[in-house]
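Working through the structure, step by step
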Amino acid sequence: MSLAERVLDGEIRAAARLMRDIDDRFKSAVDELKILYPHTGKAYIIGITGPPGAGKSTLVDQVVAAYRKKDLLVGVVAIDPTSPFSGGAILGDRIRMNRHADDPGVFIRSLATRGALGGLSRSTMDVLNVMDAMGLDVIVVETVGVGQDEVDIVSTAHTTVVVMVPGLGDDIQAIKAGILEIGDVFVVNKADRDGADRTARELTAMLEMKHPEAGDWMPHVIKTEAAKGLGIDELVDEFEAHHSYLKESGALQRLIQERNAKIFADTLREELFESVFSGIKESGKYQQILDGMRDRSTDPYSAVEEVMAARSFS
Amino acid sequence: MAERRIRVLVGKPGLDGHDRGAKIIARALRDAGFEVIYTGLHQTPEQIVSAAIQEDVDCVALSILSGAHNTLLPAVREIMKEKGASDIVLMAGGVIPEDDIPGLKAAGIAEVFTPGTSTETIVAWMRDNVTPHA
Ligand SMILES: Nc1nc2c(ncn2[C@@H]2O[C@H](COP(=O)(O)OP(=O)(O)O)[C@@H](O)[C@H]2O)c(=O)[nH]1
Ligand SMILES: [Mg+2]
């Protein structure tokens, strides 16, 4: 039986191995993903982003518990950075989620960024597809949380959650405008700390300034104390409200369209580059181009044009 | 062709509350280029094995200072077998008397490092003895 068939049969080890093959970029994984693809598209995906230490993993742990209480099957993808020096990584998000480790209704996978920017790893979307095909109902993605450029999560998740903590320099104005754009739900975690109300108020005021059009989703700010599990029910209600909004407003269809377009474009870009690049390396053309550039008899622009002209696309 | 990156779960079963040693190992392994899933303190053998399977690690490295090694380590190995995951290498480090080591090895613990072992020795052992899953 292929890995994909074993995944569809509910075999955990097969799913875990396939995720590994995807992450390690095994060619065979592509064939497995082809088999799984028709079985995807059912899971509800929640993305959680925010600065390191804000309590994202603790929050994920609580959200998992809340969905388990509703008897749903839950997946978690937790992403941490790869060391640029050694290529190794310490993936430590599970520390906060250990109580779910032996719950058969929960599958948690840690991924290293392996050089990807944007807060996710290159394999995230495919790993989500495996979890989706496994039949998990809700999947929570925790991004790296470097605080910048965490935009990839928006095209990956149905609901994007931005987690903040009180007193981030006590000046909400300082928060990058971009972060206001990406969130469907905002969380002020560590509500036990001074300034939580103020941070929540300021954030709400800033969100209101965006003046959404009638019928658009208006993001709310939820205060939580993840370490004690406070505010989690309200948070999960807000997720459900956003999910319903997406379905009823037609926004879900748009989101799926955009997501599909992105997946296709990413895959095309990667495959095209792979195939063209390895082609010219094998034929010796690549070396010729480099030689030409060295003595300035050719330039990179003409060289690429020439390479492209030698192939036909339709 | 794509290449496997070795993944190792580093954790601490049992009740004692010191994870300094485990953290040092985790860092040394990261610096050697491994992907380390660090699960922290106080896990049951069941939790460790489930995490190891979900993360598809090649090796589980456990730090034990509590004195419960003779029960905890064979328990982890036993559950690995039950779950069809005995291809995962299990090794341990910590305060473990020399006399106990042969028994642990007989129970399927691949290697046991006692205090004072350098991280270089442990990393070198990993490189020689842990091959990533095919
Ligand atoms: N005071 C307080 N600490 C919290 C709360 N939630 C999480 N923490 C702590 O914040 C630290 C970082 O949490 P973690 O979930 O790992 O943050 P992450 O880096 O965003 O994933 C941990 O020590 C948590 O125990 C909270 O509501 N209040
Ligand atoms: Mg985290």
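- Where an unreviewed UniProt entry is consulted, chain B appears under the name (R)-methylmalonyl-CoA mutase, adenosylcobamide-binding subunit, with the organism given as Citrifermentans bemidjiense.
- Regarding chain B, the UniProt comment filed under Cofactor (unreviewed entry) reads as follows: "adenosylcob(III)alamin".

1. Regarding the interface of chain A and chain B
- Listed as interface residues are 33 residues of chain A and, on the opposing side, 39 residues of chain B.
- Both sides together, the interface formed by chain A and chain B hides about 2,900 Å², and carbon and sulfur atoms give 47% of it.
- When the buried surface of chain A facing chain B is broken down by residue, Arg13, Arg20 and Ile90 of chain A rank first, second and third, together holding 25% of it.
- Put simply, chain A and chain B have eight salt bridges between them.
- A salt bridge links arginine 114 of chain A to glutamate 35 of chain B, with the shortest nitrogen-to-oxygen separation between them at 2.7 Å.
- Linking chain A to chain B there are 24 residue pairs in polar contact (both at pLDDT 80 or more).

2. A look at the confidence of the model for chain A
- Summary statistics for chain A give a mean pLDDT of 90 and a share of 94% for residues scoring 70 or more.
- Taken element by element, the predicted model of chain A shows its lowest mean pLDDT in helix α7 (residues 177–182) of chain A (77) and its highest in helix α4 (residues 56–69) of chain A (98).

3. Concerning the domain arrangement of chain A
All names here are of chain A.
- Partitioning chain A into domains gives domain 1 (1–39), domain 2 (40–249) and domain 3 (263–309).
- Using only C-alpha atoms to locate each centre, domain 1 and domain 2 end up separated by 26 Å.
- Listed by partner, the interface residues are 17 residues for domain 1 and 18 residues for domain 2.
- Buried area between domain 1 and domain 2, both sides added, is near 1,500 Å², and the carbon and sulfur share of it is 60%.
- The largest contributions to the domain 1 side of the interface with domain 2 come from Met19, Asp23 and His39, which together make up 41% of the buried area.
- Our enumeration of links across domain 1 and domain 2 arrives at two salt bridges.
- Ionic pairing is found between aspartate 23 and arginine 114, a salt bridge with its closest N-O pair at 3.4 Å.
- Along the contact surface separating domain 1 from domain 2 lie six residue pairs in polar contact (both at pLDDT 80 or more).
- Elements with a minimum of two residues in the side of domain 1 that touches domain 2: α1 (3–8), α2 (12–23) and α3 (27–36).

4. A closer look at the coordination of the magnesium ion (ligand 2)
Residues and elements named next belong to chain A.
- Ser57 (OG), Asp93 (OD) and Glu142 (OE) make up the full set of protein donors to the magnesium ion (ligand 2), lying at 2.1 to 2.2 Å.
- Counting residues between consecutive donors of the magnesium ion (ligand 2) along the chain gives the motif S-x35-D-x48-E. Of this pair, serine 57 sits in helix α4 while glutamate 142 sits in strand β5 (residues 138–142); the two residues are 85 residues apart in sequence, bridging distant segments of the chain. Of the two residues examined, serine 57 and glutamate 142, each falls in the buried class.

5. A few points about the pairing of strand β8 (residues 220–223) of chain A
Residue and element names in this part refer to chain A.
- Relative to β8, strand β7 (residues 185–188) runs parallel, the two sharing four bridges. Within β8, the residue paired with valine 188 across the bridge is lysine 223.
- One crossover worth recording links β7 to the parallel β8 by way of helix α8 (residues 196–208), and it is right-handed.

6. Concerning the sheet that holds strand β3 (residues 59–64) of chain B
- Strand order in the open sheet formed by six strands is β3(A)-β2(B)-β1(B)-β3(B)-β4(B)-β5(B), with parallel pairing between adjacent strands. The strands lining the two open edges of the sheet, one partner per strand, are β3 (89–91) of chain A together with β5 (111–113) of chain B. The mean inter-strand angle of the sheet, taken between neighbouring strand axes irrespective of direction, is 25°.
- Across six bridges, β3 of chain B lies against strand β4 (residues 89–94) of chain B in parallel orientation. Each residue of the ladder has a partner; that of cysteine 59 of chain B, found in β4 of chain B, is valine 89 of chain B.
- Its contacts with the sheet place helix α3 (residues 69–82) of chain B against β1 (7–13), β3 and β4 of chain B, and it is angled at close to 160° to β3 of chain B.
- Taken strand by strand, helix α5 (residues 119–129) of chain B contacts β1, β3, β4 and β5 of chain B, and its axis lies near 170° from that of β4 of chain B.

7. A closer look at the site of ligand 1
Residues and elements named next belong to chain A.
- Residues in close proximity to ligand 1 total 16 residues, the closest being Gly53, Lys56, Thr58, Arg96 and Asp192.
- Between ligand 1 and serine 57 there is a distance of 2.9 Å, counted from an oxygen atom to a backbone nitrogen or oxygen.
- Taking asparagine 189, its side chain carries an N or O atom lying 3.2 Å from a nitrogen atom of ligand 1.
- With three residues, α4 is the largest single contributor of residues to the shell around ligand 1.
- Partitioned by chemical class, the residues of the shell around ligand 1 number five nonpolar, five polar and six charged.

8. Describing the environment of glycine 55 of chain A
All names here are of chain A.
- Relative to the helices and strands, glycine 55 resides in the loop between β1 (44–49) and α4.
- Given the relative accessible area of 13%, glycine 55 is considered buried.
- Taking the C-alpha atoms as reference points, glycine 55 and glutamate 32, 23 residues apart in sequence, are found 35 Å from one another.
- Leaving out residues up to four positions away in the same chain, glycine 55 has contacts with Asn189 and Ala226.

9. Section: the packing of aromatic side chains
- Counting across every chain of the model gives four aromatic pairs over all chains.
- Ring geometry for tryptophan 217 of chain A and tyrosine 245 of chain A: centres 5.5 Å apart, planes at 40°, overall tilted. Of this pair, tryptophan 217 of chain A sits in the loop between α8 and β8 while tyrosine 245 of chain A sits in helix α9 (residues 232–249); the two residues are 28 residues apart in sequence, bridging distant segments of the chain.
- Accessibility expressed as a relative area gives 17% for tyrosine 245 of chain A, which makes it buried.
- Aromatic pair phenylalanine 277 of chain A and tyrosine 286 of chain A: ring centres 4.9 Å apart, planes at 80°, arrangement edge-to-face.
- Members of the aromatic cluster, each reached through a chain of ring pairs, are Phe273, Phe277 and Tyr286 of chain A.
- Just above the ring of phenylalanine 26 of chain A sits the side chain of arginine 4 of chain B; from NZ or CZ to the centre is 4.2 Å.

Calculation notes
- Residues numbered from 1 in each chain as written.
- Chains lettered and ligands numbered in written order.
- Predicted model: local features only at pLDDT ≥ 70, side-chain atom pairs only at ≥ 80, totals over all residues.
- Heavy atoms only, no water.
- UniProt positions renumbered as here; feature names shortened; annotations may be inferred.
- Contact = heavy atoms within 4.5 Å.
- Buried area = accessible area lost by both parts, 1.4 Å probe.
- Salt bridge = Lys/Arg side-chain N within 4 Å of Asp/Glu carboxyl O.
- Polar contact = N/O pair within 3.5 Å; in protein donor to acceptor, adjacent residues only side chain to side chain.
- pLDDT = per-residue confidence, 0-100.
- Helix = DSSP H or I, 4+ residues; strand = E, 2+ residues; numbered from the N terminus.
- Domains from an automatic or database assignment.
- Donors = N, O, S within 2.8 Å, 3.2 Å for Na, K, Ca; no water.
- Buried < 20%, exposed > 50% of the residue type's maximum accessible area, 1.4 Å probe, protein only.
- Pairing = 2+ DSSP bridges.
- Right-handed = clockwise from strand over helix to strand, strands pointing away.
- Axes fitted to C-alpha atoms, helices over the stretch in contact; angles between N-to-C directions.
- Near = heavy atom within 4 Å.
- Nonpolar A, V, L, I, M, F, W, Y, C, P; charged D, E, K, R; others polar.
- Phe/Tyr/Trp six-rings, centres within 6.5 Å; stacked < 30°, edge-to-face > 60°.
- Lys NZ or Arg CZ within 6 Å of the ring centre and 35° of its normal.

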